[in-house]
Amino acid sequence: QVQLVESGGGLVQPGGSLRLSCAASGFTFSYYTMNWYRQAPGKQRELVASISRTGDSTNYVDSVKGRFTISRDNAKNTVYLQMNSLKPEDTAVYYCNWKAPTKDDYWGQGAQVTVSS
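Here is what the cut-offs are and how they apply
Residues numbered from 1 in each chain as written. Predicted model: local features only at pLDDT ≥ 70, side-chain atom pairs only at ≥ 80, totals over all residues. Heavy atoms only, no water. Salt bridge = Lys/Arg side-chain N within 4 Å of Asp/Glu carboxyl O. Helix = DSSP H or I, 4+ residues; strand = E, 2+ residues; numbered from the N terminus. Buried < 20%, exposed > 50% of the residue type's maximum accessible area, 1.4 Å probe, protein only. Polar contact = N/O pair within 3.5 Å; in protein donor to acceptor, adjacent residues only side chain to side chain. Contact = heavy atoms within 4.5 Å. Disulfide = S-S within 2.5 Å.

Caption draft 1: Local environment of the pattern of salt bridges. The full count for this structure, using the stated rule, is 5 salt bridges. We note a salt bridge from Arg38 to Asp90, for which the minimum N-O separation is 3.0 Å. Here Asp90 lies in the loop between strand S8 (78-83) and strand S9 (92-99) and Arg38 lies in strand S4 (residues 34-39), a separation of 52 residues in the sequence. Across the pair, Asp90 and Arg38 agree in class, each one buried. Where Asp62 meets Lys65, a salt bridge forms, and the shortest distance between an N and an O atom there is 2.9 Å. On the accessibility criterion, Asp62 (61% relative accessible area) is exposed.

What follows is the structure, given as structure tokens:
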């Protein structure tokens, strides 16, 4: 079965950095675009970043452009989100996402990122 397992969240001061990882299994990882979403308290879940199956195309929500970098290692079936210059408004639960050809959405368990002094 499909599994997406996130790691790397935590508490960081404003201006700090964190790297999230998502280990995928149960599907042919290298065939598909992968996504990172986040959901802040009281807000809707939003798409933060996407990466094509080969990694040569990436997209970001405007609020993280220039600060976050999505990448992948197809040999390790893992997608990453490097987050730099973190701001308090980046505080959220971050989710790894795969949209299957069946249109089903698969989600990781979520990784809490808290940016606070």
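The rest of the description comes next.
Caption draft 2: Looking closely at the side chain of Arg38. In this structure Arg38 comes out as buried when scored by relative accessible area, which is 6%. A distance of 2.7 Å separates the side chain of Arg38 from the side chain of Glu46, its partner in a polar contact. Within polar-contact distance, the side chain of Arg38 engages the side chain of Asp90 at 3.0 Å. Once residues within four sequence positions are removed from consideration, Arg38 is found in contact with Gln44, Arg45, Glu46, Val48, Ser63, Val64, Phe68, Asp90, Ala92, Val93 and Tyr94.

Caption draft 3: Inspection of the state of the cysteines at higher detail. For the coordinates displayed, the defined rule picks out 1 disulfide. One disulfide bridge connects Cys22 with Cys96, the sulfur atoms lying 2.1 Å from each other. Given an S-S torsion of about -80°, the disulfide between Cys22 and Cys96 has left-handed geometry. Of this pair, Cys22 sits in strand S3 (residues 18-25) while Cys96 is found in strand S9, placing the two residues 74 residues apart along the sequence. The pair Cys22 / Cys96 is uniform in exposure class, with both members buried.

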